[in-house]
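# An overview of the molecular structure
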Amino acid sequence: MRTMTYKVTYLLITMSVLIAFPLLHMCGFVSLDPWSEVIPFFFGKSNHRPNFVVFFADDIGWGDFGANWTPNKDATPNLNQMAREGLRLTDFHAGASVCTPSRASLLTGRLGLRTGVIHNFDPESLGGLPLNETTLAEVLKGNGYTTGMIGKWHLGITEKYHPRSRGFDYYYGLPYSNDMGCVDVFTYNLPPSINCPKNTSTDAYFKAALPLYENYDIVEQPADLIQLGDHYAAKATEFVDKAAKSGKPFLLYVAFAHMHCPLSHAERFTNATSLQTVYADTLYEMDNVIGRVLKSLKTNNLYDNTLTWFTGDNGPWSEKCQYSGSQGPFSGTWQFEKYGGGSTAKATTWEAGHREPTVVVWPNKIAPNQTSSALTSNLDIFPTLLSLAGATLPNYRHFDGMDLTLLFEGKTDKAHEVLFHPNSGDTFPFGEIDTVRLGNYKVLWKTGGSFANCGGVRAPQVAHNPPIVFDLEEDPAESTPLNDSFSKLQQIITDAALAREKLLDDIKNDNTSIPDYSKSKSAVPCCDRSVFYCRCKKDEA
């Protein structure tokens, strides 16, 4: 009888909580998801859901990762160790091949044709990632997670588009790329960066000095890029320490300024590797920050229950020459041989523009020292982490990513059959799908555009009808298109065209968004408009 009484009491309490939830939510006393309140109430703060750490590098090449490309093995010791402990994904792609659209894809699981985010925002942007788009942080926070972001945001700078307004409990970092504002310190760039002017008589190239934020406040302007890596490591480990004490599961998103130009690093990393280049030193510093965060996870006994995912937003900025990363074997030879130049990396749909160095570690869940050539994307991060957290995808919209849990568990060696690579800055119009990946084959309806290679040469934008097709398994350099002697060529083109048509029809029937790309000088971040070029520095920076 006593056991029955306990069961009835338990049932009545549970029903009462669920019935009362709508009223409590309307009054602002509970979060969006009732289970984020119910689970901790009955089972305590620790319910063994995994923590998530996502490292997101900027302008990094597939060949920058030493586990991918032996010449760079000395520059990434911590990433190499992650590869030994986890799963290296060798055919993983950005959702777009330029900054803002790629970040929107990661945080929403949706292509730019759905979110409307098809090119970069800048310091004067009034808008950002549309407010009706739901971010990874918003969903996890609604399911009881603590959420923090360190680093480059680039999805809107006004308050309603700020990371703190888009699901993150804590934010520390740059609101956009590190070349969108001047700094006082020496950096490495081509052409050389312009430091902040000291007086009003100087011609002003930038709108303002580069700001560094903590939550909604600018704590340093201009940001000290030499110290930025150490600041990021300190803030990230501090977030992990606090999360450990809270007992709640957490998401930590670390979006580096590394390896975007201008390059910079702390003095102690000069000639830190056998490569003895500025790029390798900067890469080594980024790897060092990753190592410090991983050490913090281990010190707090969180490492075994944390899924850690490293990848990048797009390929290297080849126009920067010695300050650009390694494309590995993905050289885009066909365009260079035909036109004598043109970028085949960042902002393009050539392979080096969107194929990213990627590794995922989750001790005791993902087998160590594994490599997968499954076709995967940063669009998959959103549905995968939500699935592992026990959260559901937002309603009333369609997603382009897929849950990779079975791949991580070793229960399948397959992922996407088709991926779509949007025009992202080199080829117009932006956002449109003129490149389709179909198994090992890549179909391009357009090539060339506005981005130059290291020599400053641009390739003309060319529409291909029929499209050109490469077999990436046999020809990763994309040097020789398949010709009519290849018996499957026409079927590949037909299948790719049908897949693209199906996607576009699905987008027509989806809830899509329209971002505000309007600009105003009033939007430019400034800590003190009474001071020339908005200079300030708070002690906590």
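For the structure, check the block above.
Here's what I pulled together on the structure shown here. Just so you know, these numbers come straight off a predicted model, no measurement behind them.

## A closer look at the packing of aromatic side chains
A full pass over the atoms with the stated rule returns 21 aromatic pairs. Aromatic rings pair up to connect F56, W153, F168 and Y253 into one cluster. A cation over an aromatic ring shows up here: K298 above the ring of Y303, its NZ or CZ 4.7 Å from the ring centre.

## Notes on the state of the cysteines
Evaluation of the coordinates by the stated rule reveals four disulfides. Between the sulfur atoms of C182 and its disulfide mate C196 the distance is 2.1 Å. With the S-S dihedral at roughly 100 degrees, the linkage between C182 and C196 falls on the right-handed side. Here C182, found in the loop between β5 (170-173) and β6 (212-214), pairs with C196, found in the loop between β5 and β6; they are 14 residues apart in sequence, far enough to count as distant.

## Thoughts on empty space enclosed by the protein
All chains considered together, the criterion is met by four cavities of 30 Å³ or more. Space inside the largest cavity adds up to approximately 70 Å³. Looking at the largest cavity, the residues that line it are N178, L225, L228, A257, H258, M259, H260, P262, L263, S264, T282 and E285. Counting residues per element, the ones that place at least two in the lining of the largest cavity are α7 (225-246) and α8 (278-299). Of the residues belonging to the lining of the largest cavity, the class tally is six nonpolar, five polar and one charged.

## What about the sheet that holds strand β15 (residues 441-447)?
A sheet is described by the order of its strands in space; here four strands give the open sequence β13-β14-β15-β16, paired in antiparallel fashion. Among the strands making up the open sheet, the edge pair consists of β13 (418-422) and β16 (462-471). Direction aside, neighbouring strands of the sheet carry axes that sit 20 degrees apart on average. Here β15 pairs with β16 via six bridges, running antiparallel. Looking at β16, one finds that V443 is bridged to V469. Along the sheet, helix α13 (residues 489-508) contacts β13, β14 (433-438), β15 and β16; its crossing angle with β14, the most-contacted strand, is approximately 120 degrees.

## A word on unusual backbone geometry
A negative phi angle characterises most non-glycine residues, just as the trans form characterises most peptide bonds. Following L190, the chain continues to P191 via a peptide bond in cis, the omega torsion being -10 degrees. Note the cis peptide between F428 and P429, where omega equals -10 degrees. Non-glycine residue N215 carries a positive phi angle of around 55 degrees. Position of N215 among the secondary structure elements: in the loop between β6 and β7 (217-221). Of note in this structure, Q276 is not a glycine but carries a positive phi near 55 degrees.

## Some thoughts on the side chain of T376
Along the polypeptide, T376 turns up in strand β12 (residues 376-377). On the basis of relative accessible area, T376 is assigned to the buried category, the value being 0%. The contacts of T376, once residues within four sequence positions are left out, are L89, D91, F92, H93, L404, L407, A415, H416 and L419.

## Quick look at the packing of helix α3 (residues 77-85) against α8
Between α3 and α8, the least distance of the axes is 7 Å, while the angle of their chain directions is 50 degrees. With respect to their mutual orientation, α3 and α8 come out oblique. Between α3 and α8, the contacting residues are P77, N78, L79, M82 and E85 on the first element and Y284, M286, D287, N288, I290, G291, L294 and K298 on the second.

## Looking at α3
Each α-helix turn comprises 3.6 residues. Residues three or four places apart therefore point the same way. For α3, the complete set of buried residues consists of L79, N80, M82 and A83. All buried residues of α3 project into a common sector of 155 degrees when viewed along the axis, lining one side. Taken together, the buried residues of α3 touch β2 (87-89), α8, β9 (306-312), β10 (358-361) and β11 (370-372).

## Let's talk about the layout of surface pockets
One water molecule sets the probe size; rolling that probe over the atoms shows where empty space is left. Considering only enclosed or pocket space, the second largest pocket measures out at about 450 Å³ in volume. Residue lining of the second largest pocket: 18 residues in total, with D91, S373, A374, R437 and N440 positioned closest to the centre. For the lining of the second largest pocket, the residue count by class is six nonpolar, five polar and seven charged.

## Digging into the pattern of salt bridges
Opposite charge on two side chains permits pairing when their charged atoms draw close. The tally for this structure, following the rule as stated, stands at 30 salt bridges. The partner of E220 in a salt bridge is K537, and the shortest N-O contact between them spans 3.7 Å. Of this pair, E220 sits in strand β7 while K537 sits in strand β17 (residues 536-537), and the two are 317 residues apart along the sequence. Each member of the salt-bridge network shares a partner with another, and the members are D91, E351, R355, R437, K442 and E478.

## Section: the environment of P197
You can see P197 is positioned in the loop between β5 and β6. The class of P197 is buried, set by a relative accessible area of 8%. For P197 and A209, which are 12 residues apart along the polypeptide, the C-alpha to C-alpha distance reads 9.3 Å.

## Considerations on the environment of D528
By the secondary structure assignment, D528 is in the loop between α13 and β17. Linking D528 and Q221, residues 307 residues apart in sequence, is a C-alpha distance of 9.4 Å. Apart from residues lying up to four places away in sequence, D528 is in contact with C534 and R535. Only 2.5 Å separates the side chain of D528 from the side chain of S530, close enough to count as a polar contact.

## Quick word on the nonpolar core
Here is a general trend for soluble globular proteins: nonpolar side chains tend to be buried in one another's company. In terms of nonpolar packing, the biggest core is built from 57 residues, with F55, L174, L252, M286, I290 and F310 touching the most fellow members. The element best represented in this core is α8, accounting for nine residues. Once residues lying within four places of it in the same chain are set aside, the contact partners of L174 are G151, K152, W153, L210, P211, L212, A223, L225, L228, Y232 and A257. Grouped together as the second largest cluster of nonpolar side chains are 45 residues, F56, L407, F408 and A415 included.

## Some thoughts on the sheet that holds β10
Read across the sheet, 11 strands follow the order β11-β2-β10-β9-β1-β8-β4-β5-β6-β7-β17 without closing on themselves; strand pairing throughout is mixed. The two strands at the open ends of the sheet, each matched to only one other strand, are β11 and β17. The strands touched by α3 are β2, β9, β10 and β11; relative to β10, the strand with the most contacts, the crossing angle is about 60 degrees.

Conventions adopted
- Residues numbered from 1 in each chain as written.
- Predicted model: local features only at pLDDT ≥ 70, side-chain atom pairs only at ≥ 80, totals over all residues.
- Heavy atoms only, no water.
- Phe/Tyr/Trp six-rings, centres within 6.5 Å; stacked < 30°, edge-to-face > 60°.
- Lys NZ or Arg CZ within 6 Å of the ring centre and 35° of its normal.
- Disulfide = S-S within 2.5 Å.
- Helix = DSSP H or I, 4+ residues; strand = E, 2+ residues; numbered from the N terminus.
- 1 Å grid on protein atoms, 1.4 Å probe; cavity = no way out; pocket = protein on both sides within 12 Å on 5 of 7 lines; lining within 4 Å.
- Points joined across faces, edges and corners; volume = space filled by probe spheres on them.
- Nonpolar A, V, L, I, M, F, W, Y, C, P; charged D, E, K, R; others polar.
- Pairing = 2+ DSSP bridges.
- Axes fitted to C-alpha atoms, helices over the stretch in contact; angles between N-to-C directions.
- Contact = heavy atoms within 4.5 Å.
- Buried < 20%, exposed > 50% of the residue type's maximum accessible area, 1.4 Å probe, protein only.
- Parallel < 35°, antiparallel > 145°, perpendicular 65-115°, else oblique.
- Arc of directions from axis to C-beta.
- Salt bridge = Lys/Arg side-chain N within 4 Å of Asp/Glu carboxyl O.
- Polar contact = N/O pair within 3.5 Å; in protein donor to acceptor, adjacent residues only side chain to side chain.
- Core = buried A, V, L, I, M, F, W, Y, C linked by side-chain atoms within 4.5 Å.

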